[in-house]
Amino acid sequence: YGGMGLDFSYNIAVAEELGSIRCGGIPMAIGVQAGMATPALARFGSDELKKQFLIPTIAGDFVVCLGISEAGAGSDVANIKTTAVRKGNEYVINGGKMWTTSGCQADWMCLLANTSEGPRHRNKSLICVPMNLPGIHIAKKIDKLGMRSSDTAQIFFEDVRVPSKNLIGEEGMGFTYQMLQFQEERLWGVATVLTPLETIIQETIDYTRQRKVFDRSVLHNQVVHFRLAELATEVELLRSLLYRTVALYVEGNDVTKFASMAKLKAGRLAREVTDSCLQFWGGMGFTSEVLVSRLYRDLRLISIGGGTDETMLSIICKYMATLPSK
């Protein structure tokens with residue numbers, strides 16, 4: 001279907017390199033296209049669906065968005081309210097999606113919707129929805145604290161009719177498919193922060209070396225260069241956890257616990273690094289002229305998007321509870 005047939009470790013190599021872009025929004029948008037909205041279609045979609053949606057998306061001719069979160073259901077994916085009721089050979093979709101990356105420009109959406117009245121973990125399905133259909137309303141482009149180069153939309157569906165053949169895989173398996181995809185999404189997010197964090201630490205070293213306060217460079221203060229050394233060490237530890245998790249995943253292991261740990265650490269470390277470095281830039285760090293202020297805003301999303309820190313902690317606790325007692 002136009003892909004290179006490589007394993008997931010190559011996705012992570014690409015994600016890490018995309019961190020060289022001096023913002024968070026572009027790597028995130030590419031991540032949605034390459035590793036968040038398309039894996040379920042690639043794994044479980046019909047040949048016809050792949051030809052219609054996956055081939056042009058891989059080629060870059062289509063932009064795709066992922067319709068999961070709603071105003072009342074962010075990290076709590078099972079609580080979504082959007083419905084897709086089957087009528088004949090069509091699904092009729094009603095509801096809305098929130099915080100949809102690339103939603104204003106997308107050609108199609110990988111939509112998670114309730115397709116039955118059953119248990120909430122088994123009543124959801126993923127559906128390919130062309131975004132030019134009647135009844136789809138892009139309410140607004142959301143004004144955000146960070147990631148401002150990435151458009152984020154609020155979208156409503158009013159009696160939107162989609163062919164039933166646009167169903168990805170089996171009906172009722174959407175939640176399961178989405179949970180599988182979340183692990184790759186979270187690992188992608190971890191990979192994209194490594195280079196920015198290294199970059200901002202290095203730029204802070206360079207700036208504090210030449211910035212003079214009380215007749216000596218800021219970097220000359222032990223509290224500054226010790227703190228930067230600590231942060232650099234933390235980034236390397238995060239990289240090691242990521243690489244271990246990816247290696248296990250490529251071998252076919254369940255890495256939910258480790259992916260959640262890495263995602264949790266990445267979000268918290270991104271906040272810690274950008275906040276500490278911004279402080280060392282002084283007044284200049286509070287301006288929009290330097291990278292540290294942009295990353296301070298952009299990388300704040302890591303602790304929220306793709307599952308909040310609190311959600312990651314809950315997942316980790318559940319997996320720890322399965323460990324045998326000593």
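About the thresholds
Each residue is numbered by its place in its chain's sequence as written, counting from 1. Where local features are concerned, this predicted model is filtered to residues with pLDDT of at least 70; where side-chain atom pairs are given and counted, the filter is 80 or more; whole-chain, interface and lining totals use all residues. Only heavy atoms go into the side-chain values, all of them from the structure, while hydrogens and water stay out. UniProt positions are given in the numbering used here, feature names are shortened, and annotations may be inferred rather than shown by experiment. Numbering goes from the N terminus for both helices and strands, where a helix is a DSSP run of H or I of at least four residues and a strand is a run of E of at least two. Note on exposure labels: buried denotes an accessible area under 20% of the residue type's maximum, exposed denotes more than 50%, and partly exposed covers the range between, all computed with a 1.4 Å probe on protein chains only. We call two residues in contact when some of their heavy atoms are within 4.5 Å. Bear in mind that the domain bounds are from an automatic or database domain assignment. Once two parts are put together, the accessible area they lose, assessed with a 1.4 Å probe and summed over both, is termed the buried area. Salt bridges are defined by distance alone: a side-chain nitrogen of Lys or Arg within 4 Å of a carboxyl oxygen of Asp or Glu. Residues are grouped as follows: Ala, Val, Leu, Ile, Met, Phe, Trp, Tyr, Cys and Pro are nonpolar; Asp, Glu, Lys and Arg are charged; every other residue, Gly included, is polar.

- Taking an unreviewed UniProt entry as the reference, the chain is identified by name as IVD dehydrogenase belonging to Chauna torquata.
- The UniProt entry for the chain carries the following text under Cofactor (unreviewed entry): "FAD".
- What the UniProt record of the chain gives under Pathway (unreviewed entry) is the line "Lipid metabolism; mitochondrial fatty acid beta-oxidation."

Quick notes on the side chain of Thr57
Okay, so step 1: Relative to the helices and strands, Thr57 is located in helix H4 (residues 47-59).
Okay, so step 2: Accessibility expressed as a relative area gives 3% for Thr57, which makes it buried.
Okay, so step 3: Excluding anything up to four places from it in sequence, Thr57 contacts Gln33, Thr38, Phe62, Val64 and Trp108.

Concerning the domain arrangement of the chain
Okay, so step 1: Each assigned domain of the chain is listed with its residue range as follows: domain 1 (37-171) and domain 2 (176-320).
Okay, so step 2: Spacing between the C-alpha centres of domain 1 and domain 2 amounts to 30 Å.
Okay, so step 3: Interface area lost by domain 1 to domain 2 is led by Arg43, Ser75 and Met147, which between them contribute 35%.
Okay, so step 4: The tally of links between domain 1 and domain 2 comes to one salt bridge.
Okay, so step 5: Note that Arg43 is salt-bridged to Glu184, the shortest N-O span being 2.4 Å.
Okay, so step 6: Per-class residue counts for the side of domain 1 that touches domain 2 are 10 nonpolar, four polar and three charged.

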